[in-house]
Amino acid sequence: MIDYYAQRAQEYERIYEKPERQEDLQFLRQFVEQQFAGHHVLEIACGTGYWTQVLADTAESVLATDINDEVLEVARSKSLPSSKVRFAREDAYSIPVHPETFTAGLSVFWWSHVPRIRLSRFLDGFHAALSDGARVLFIDNVYVEGSSTPISRTDASGDTYQNRRLQDGSQHEVLKNFPTNSDLRSAVAGSAVDIEVRFLRYYWILSYTVRLPAHRPEVQISPRPRKLRSVRGGADS
């Protein structure tokens, strides 16, 4: 997956040129501007910065992250105000502690690439990087016959895959899931309120407010032996 998007960096934004998707994309751009106006936003898997550029119009500040140096190079080449937009190379599955307080989170076209077995842990890490009460927005693709790349196979875990071809002729198998309304709601039900799901023709939107647990795990010291023991619960138990 990482290698695929590294190779695709220079041609990635061609996906936004599909004529049949323009009405949905116009709505999404306006929606993102409205939802994040005045917020301090943490963006996960920002890619080439297409949505970072949209965020920059109304957000108070944006930290846009991605694992790929190649897509970040494209993102940094955009004319975005350095006073409010910053890019960083980070792993979405291991989000570091930041000194900033993020009042909102955004991720576009990332959920569908997360294996089902890793989704809960990813969401826990994402939510932990945000402030309690932060507004979160996920946007991703709806499968539409004739517009979407066909699904090539489904594995034993229920993850679906597509075979994709880049301009250089190389072939890549890419994990691409297409969740249902109930899939989305159930995934965040334990850590969110005000959950809203909306399906457009070509894209879906999941938005909600984060509710962090009242008591986060603490590190305790046992008298014998003198080792750190992490008290764990919830999804880690």
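Structure's up top.
Residues numbered from 1 in each chain as written. Predicted model: local features only at pLDDT ≥ 70, side-chain atom pairs only at ≥ 80, totals over all residues. Heavy atoms only, no water.

Caption draft 1: Structural context of the packing of aromatic side chains. Per the stated rule, a full pass over the model turns up 16 aromatic pairs. Considering the side-chain rings of phenylalanine 109 and tyrosine 203, the 5.8 Å spacing of their centres and the 35° angle between planes classify their relative orientation as tilted. One end of the pair, phenylalanine 109, is in the loop between β4 (104-108) and α5 (116-128); the other, tyrosine 203, is in strand β10 (residues 203-210), and 94 residues separate them in sequence. For the pair phenylalanine 109 and tyrosine 203, a shared accessibility class is recorded, and that class is buried. A cation over an aromatic ring shows up here: arginine 118 above the ring of tyrosine 93, its NZ or CZ 3.6 Å from the ring centre. Sitting over the ring of tyrosine 202, arginine 201 keeps its end group 5.5 Å from the ring centre. (Phe/Tyr/Trp six-rings, centres within 6.5 Å; stacked < 30°, edge-to-face > 60°. Helix = DSSP H or I, 4+ residues; strand = E, 2+ residues; numbered from the N terminus. Buried < 20%, exposed > 50% of the residue type's maximum accessible area, 1.4 Å probe, protein only. Lys NZ or Arg CZ within 6 Å of the ring centre and 35° of its normal.)

Caption draft 2: Focus on the environment of valine 188. Take valine 188: it is sitting in helix α6 (residues 181-188). Take valine 188: its relative accessible area is 0%, and that puts it in the buried class. Taking C-alpha positions, valine 188 is 9.9 Å from serine 207, a pair spaced 19 residues apart along the chain. The contacts of valine 188, once residues within four sequence positions are left out, are Trp111, Leu123, Ile195, Leu206 and Tyr208. (Contact = heavy atoms within 4.5 Å.)

Caption draft 3: A look at the side chain of glutamate 43. Relative to the helices and strands, glutamate 43 is located in strand β1 (residues 40-44). Within the buried core, glutamate 43 has no salt-bridge partner, and the shortest N-O distance to an opposite charge, that of lysine 78, equals 11 Å. Apart from the residues lying within four places of it in its own chain, the contact partners of glutamate 43 are Trp51, Thr52, Leu55, Val62, Leu63, Ala64, Thr65 and Leu106. (Lys, Arg positive; Asp, Glu negative; His and termini not counted. Salt bridge = Lys/Arg side-chain N within 4 Å of Asp/Glu carboxyl O.)

Caption draft 4: Spotlight on the nonpolar core. Counting 62 residues, the largest nonpolar core has Trp51, Phe122 and Phe138 as its most contacted members. If you tally residues by element for this core, the top one is β10, at six residues. With sequence-adjacent residues up to four places away left out, phenylalanine 138 is seen in contact with Ser107, Trp111, Phe122, Leu123, Phe126, Trp204, Ile205, Leu206 and Tyr208. (Core = buried A, V, L, I, M, F, W, Y, C linked by side-chain atoms within 4.5 Å.)

Caption draft 5: Highlighting the sheet that holds strand β6 (residues 151-154). Taken in spatial order, the three strands of this open sheet run β6-β7-β8, and their pairing is antiparallel. Two strands in the sheet have a free side with no partner beyond their single neighbour: β6 and β8 (171-175). For this sheet, the mean inter-axis angle between neighbouring strands, taken without regard to orientation, is 30°. Where β6 lies against strand β7 (residues 160-165), three bridges are found, and the strand directions are antiparallel. The residue bridging threonine 154 from the neighbouring strand is threonine 160, located in β7. (Pairing = 2+ DSSP bridges. Axes fitted to C-alpha atoms, helices over the stretch in contact; angles between N-to-C directions.)

Caption draft 6: Quick look at the pairing of β7. The turn linking β6 back onto β7 is made up of five residues, and glycine 158 within it adopts a positive phi angle of 90°. A loop of five residues connects β7 with β8, the two strands running antiparallel in sequence, and glycine 169 in this loop sits at a positive phi of about 90°.

Caption draft 7: Representation of the pairing of strand β2 (residues 61-66). Most of β2 sits out of view: five of its six residues are buried. With four bridges joining them, β1 and β2 adopt parallel strand pairing. If you follow valine 41 over to β2, its bridge partner there is valine 62. Handedness of the crossover is the feature at issue here: the chain leaves β1, passes through helix α3 (residues 50-55), returns alongside β2, and the resulting connection is right-handed. The pairing of β2 with strand β3 (residues 85-89) spans five bridges and is classified as parallel. The residue of β3 that forms the bridge with leucine 63 is arginine 86. (Right-handed = clockwise from strand over helix to strand, strands pointing away.)

Interpretation in functional terms is not warranted from these geometric data alone.
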